[in-house]
Amino acid sequence: MELILTDLIWQACLILKGQNDLIVDIDKDSIVIEKPKNLSFGDFSCGLAFKLSVKNKKSPLDIANIIQQVLVAKITEYQNYISQISVSKPGYINFTVSQGYLLSILDEILNDGDNFGRSKYKDKFLIEYVSANPTGPMHIGHARNAVFGSCLSNLLKFAGFYVEEEFYINDTGQQIIKLGKSLLVCYRRECGNLDYNYDDDSYPESLLIDTVRQILHDHKNSLSNLTDDQLSVSLAKLFMELTINSQKEELEQLNINFNTWFSEKTLHDNGSIDEMLDLLKANNMTYELDGALWLKSKDLGDERDRVLIKNNGHLTYLAVDAAYHLNKYKRGFDKIINIWGADHHGQIPSLAAVLKALDCNVDSFKVILTQMVNLTKNGEILRMSKRMGTVVTLKEVLDEVGSDAMRYFLIESSPSNSINFDLELAKQASSENPIFYIQYAHARSSSIMRKAMSLSPSYNLLNSSVKEIYAICKSNKDIIENVFENDNEKYNLQKKIILELAYFKTLVQESANSYLPHRIAHFAYELAYDFQKFYENSKVLYSDNINLSLARILFVLAIRTVIGNCLKILGISAPEKM
RNA sequence: GCGCCCGUAGCUCAGUGGAUAGAGCCCCCGCCUUCUAAGCGGGUUGUCGUUGGUUCGAGUCCAACCGGGCGCGCCA
């Protein structure tokens, strides 16, 4: 509808230009159609007259009236869609849509069903997220990152893009060596050898002990004759395997499945790191100083130069990350997206710099930051510290709250906003959590369908697709003409709902283009709210009138379809019963 | 000191240049013989951090300042 109205107004502008009565120095893009907050003005509005009023030295109201007259003259072409064009102070042009337009939206939704709102694009996305270290359990911050990444991926797929989801495993390097050393001490002590002692920077025993006991139980024999060095390596390997497996399990519980689990170790093993360094050197982007290899990142927008290889020969994090991202580029994606916790934002300039130095097109690379999650309990902030053993793990929260509620809590806020996650509130998560309200609306519509089945068993409503049901109904005028209530107030609510449903298509595009999946969550809530109102207002099933019942069922089905599509994007279940 | 994010109702948050700034929670009142009351209707709640600027129009864009969070390693 926005496109039709823009067209219509643009045509009016062209006519006015020809008449020379008005200075119309605008282009088509500056015509913006919006939705009035107060629906009594109309269903759509346009503030074009404000833009024209300055140069014409006329009041916006006068200009709006002139445009309106031209529009009214042209309206016959759109009579099926637009029933009224009016002007209101201080200078808005308002449009009211007709029932024909509403029926055309209904038609589109019921024909498309699960596909309503989908489009087709060619771009290929790679979205890397979570990427928690295999050295310990995931916490609530990882959970937010995970849920955001998952919803964004779902959203982009729904918007028609090709998306691959990837988890990067830091399975080698200094921290893994440190892990191995800590595990060695823990293992020996657990076996009764108290000559082994932890270093100051060891991982705390509390984080290791459970897994070490499990390893002891499962692998005692095969580990018994190893030297310290060998044991340290083996323990680290076993520990990582177990950690990664439980990460996979927990993420699956959260309804998240990655296409690839990318091992950092493969970059070292297959020569990718050397290749990357060679390319940097060939591009003359490095130099040596104090025994270290430096990147000339200051020339590329970073605040200073960075070290790639330390004077002890070890690679820096940046060097490995550069090789990893070069690998991503080589895989041929149009858009490479990283989702990072906000505490890593300082790494962006140096990574962007090294990518430039590697001849990668930085425009197709984007880091989305998710802000911190504060855990609170009864209003008091829980300070998390690994050392103090006060980490609240993802698993603990997930087990308490469940996947659906957890996903909703973590996706409802904009990624740039920090979240206060109250454990007590989440545990009681019942009426307080909007997700149950949205699911309730879905369950309620399913309940209506079940009831309808018993009223008229001849229509196989439960086992047919939306499209099939619609196919039976759409040629029957007696059904289609009864979709909308005659009562004005009830009709206005139905109109509001249909316009919202139509807006879903726009919303998918907008939220996908701006990478803001939380908007889907809010939209779903609004829609559920209006459905509940409709449910109270309008009777759906009439035991003595099958056609009228079917007409209202079509309306319910349209809402149910869109709520279902929203829940699908959010990765939240759409229950038939609650 | 520099960089990023935030500041909107008692609390948690929407609001991506348009009309009188919205929801949920909390508090009060009313509604189950009727398609699910995990629901609905009604009531109360604001110097949109402050000050300037851009604009016909600013919670929204720009600048400065105030307050809070995070980050500024040859750590990972």
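Procedures and definitions
Residues numbered from 1 in each chain as written. Chains lettered and ligands numbered in written order. Predicted model: local features only at pLDDT ≥ 70, side-chain atom pairs only at ≥ 80, totals over all residues. Heavy atoms only, no water. Helix = DSSP H or I, 4+ residues; strand = E, 2+ residues; numbered from the N terminus. Buried < 20%, exposed > 50% of the residue type's maximum accessible area, 1.4 Å probe, protein only. Contact = heavy atoms within 4.5 Å. Near = heavy atom within 4 Å. Polar contact = N/O pair within 3.5 Å; in protein donor to acceptor, adjacent residues only side chain to side chain. Nonpolar A, V, L, I, M, F, W, Y, C, P; charged D, E, K, R; others polar. Domains from an automatic or database assignment. Buried area = accessible area lost by both parts, 1.4 Å probe. Salt bridge = Lys/Arg side-chain N within 4 Å of Asp/Glu carboxyl O.

Observations concerning the environment of alanine 551
Mapped onto the secondary structure, alanine 551 falls in helix α21 (residues 546–570). Under the relative-accessibility criterion, alanine 551 is labelled buried at 0%. Through-space distance from the C-alpha of alanine 551 to that of asparagine 482 is 5.6 Å; in sequence the pair is 69 residues apart. Non-local contacts of alanine 551, meaning those with residues more than four positions away in its chain, are made with Ile479, Asn482 and Val483.

Let's talk about the protein's contact with RNA strand B
Taken together, 65 residues are adjacent to RNA strand B, and Tyr92, Gln175, His345, Tyr440 and Arg444 come closest. When the atoms of RNA strand B within 4 Å of the protein are sorted by group, sugar and phosphate make up 62%. With respect to RNA strand B, the backbone of leucine 541 contributes an N or O atom lying 3.1 Å from a base oxygen. Secondary structure elements with two or more residues in the surface near RNA strand B: α2 (48–56), β4 (92–97), α6 (174–190), β9 (292–295), β15 (419–422), α16 (434–455) and α20 (518–537). By residue number, the principal contributor to the surface near RNA strand B is α20, which donates nine residues. Taken together, the residues that form the surface near RNA strand B break down as 23 nonpolar, 23 polar and 19 charged.

Here's the deal with the environment of aspartate 359
Counting through the fold element by element, aspartate 359 comes out in the loop between α12 (348–357) and β12 (365–370). Given a relative accessible area of 57%, aspartate 359 falls into the exposed group. Residues aspartate 359 and glutamate 249, spaced 110 residues apart in sequence, show a C-alpha to C-alpha distance of 38 Å. Beyond its immediate stretch of four places on either side in the chain, aspartate 359 contacts Leu279 and Asn283. A polar atom in the side chain of aspartate 359 sits 3.1 Å from the side chain of asparagine 283.

With respect to the side chain of asparagine 565
Note that asparagine 565 resides in helix α21. Beyond its immediate sequence surroundings of up to four residues, asparagine 565 is in contact with Gly113, Asp114, Phe116, Phe158 and Phe504.

A closer look at the domain arrangement of chain A
Where interface size is quoted, it is often the accessible area lost as the parts come together. In terms of domain boundaries, chain A breaks down into domain 1 (2–97) and domain 2 (434–570). Distance between the C-alpha centres of domain 1 and domain 2: 32 Å. Between domain 1 and domain 2, the residue contacts involve six residues of the former and four residues of the latter. At the boundary of domain 1 with domain 2, total buried surface from both sides reaches about 450 Å², with 64% on carbon and sulfur atoms. One salt bridge in this structure joins aspartate 43 and lysine 495, with 3.1 Å as the shortest N-O distance. Looking at the side of domain 1 that touches domain 2 residue by residue, the classes come out as three nonpolar, one polar and two charged.

Considerations on unusual backbone geometry
In the segment running from lysine 89 into proline 90, the intervening peptide bond is cis, with an omega of 5°. Structurally, proline 90 is set in the loop between β3 (82–88) and β4. Its identity as a non-glycine residue notwithstanding, serine 131 has a phi of 45°, on the positive side. Looking at the secondary structure, you find serine 131 in the loop between β5 (124–128) and α5 (140–158). Exposure remark for serine 131: the relative accessible area of 15% places this residue in the buried category. Residues other than glycine seldom take positive phi values, yet aspartate 290 does so here, at roughly 50°. Here aspartate 290 falls in the exposed class, since its relative accessible area comes to 62%.

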